[in-house]
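Spelled out, the chains give:
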Amino acid sequence: MEDTLRILLSDAHARALAAKARLLDTPVQDPLMEERLLRIRTQIVCALVLRTILGEMGYDLPEELDLLPLLDIARRADVLSRREGTIFAVLNAQANQAKHWLDFRSRL
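So, a few notes on the structure that sits alongside this text. (Residues numbered from 1 in each chain as written. Predicted model: local features only at pLDDT ≥ 70, side-chain atom pairs only at ≥ 80, totals over all residues. Heavy atoms only, no water.)

This next bit is on the environment of Leu-91. You can see Leu-91 is positioned in helix H5 (residues 82-100). Leu-91 sits in the partly exposed class, given a relative accessible area of 24%. Counting along the chain gives 27 residues from Leu-91 to Glu-64, while the straight-line C-alpha distance between them is 18 Å. Setting aside residues up to four positions removed in sequence, Leu-91 forms contacts with Thr-42 and Cys-46. (Helix = DSSP H or I, 4+ residues; strand = E, 2+ residues; numbered from the N terminus. Buried < 20%, exposed > 50% of the residue type's maximum accessible area, 1.4 Å probe, protein only. Contact = heavy atoms within 4.5 Å.)

Structure representation (structure tokens):
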């Protein structure tokens, strides 16, 4: 599947970049896109789950979805065991890899 930047931008942003049609309309393909999005979604859900549980426990949490600080709090609060925390850390690393590495080993 090919994507262009134009299809992902708001009309206002596309108009602001209209003089740079090459930026807006160059087709790109990423055979790993679906896995990238799955890994990133998993990371976000992990963070939301921890925020929900820690919030119910009375923790005052920042308005960020950064998983590592939440993971640290969850470990100290005994929400996650060492092994469970390691799983969350691996999921976080996989999502960061998907966001920042052009090529990575697919797990699908």
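This next bit is on the side chain of Arg-36. As for its position among the elements, Arg-36 is in helix H3 (residues 33-56). When its relative accessible area of 9% is taken as the criterion, Arg-36 is described as buried. Of the polar contacts made by the side chain of Arg-36, one reaches the backbone oxygen of Trp-101; its length is 2.9 Å. Non-local contacts of Arg-36, meaning those with residues more than four positions away in its chain, are made with Asp-30, Ala-98, Trp-101, Leu-102 and Phe-104. (Polar contact = N/O pair within 3.5 Å; in protein donor to acceptor, adjacent residues only side chain to side chain.)

Where a protein is soluble and globular, its nonpolar side chains tend to be buried together. Counting residues in hydrophobic clusters, the biggest one holds 13 residues, and the most contacted among them are Leu-50, Leu-54, Leu-67, Leu-70, Leu-80 and Phe-88. Mapped onto this core, the elements with two or more residues apiece are H3 and helix H4 (67-76). By residue number, the principal contributor to this core is H4, which donates 5 residues. When near neighbours in sequence (up to four residues on either side) are disregarded, Leu-80 contacts Leu-50, Leu-71, Ala-74, Arg-75, Gly-85 and Phe-88. (Core = buried A, V, L, I, M, F, W, Y, C linked by side-chain atoms within 4.5 Å.)

Let us now look at H4. Listing the buried residues of H4 in full gives Leu-67, Leu-70, Leu-71, Ile-73 and Ala-74. Around the axis of H4, the buried residues are gathered within 165° of arc, so they sit on the same side. In this fold, the buried residues of H4 make contact with H3 and H5. Two residues or fewer after H4 comes Asp-78, characterised by a positive phi angle close to 60°. (Arc of directions from axis to C-beta.)

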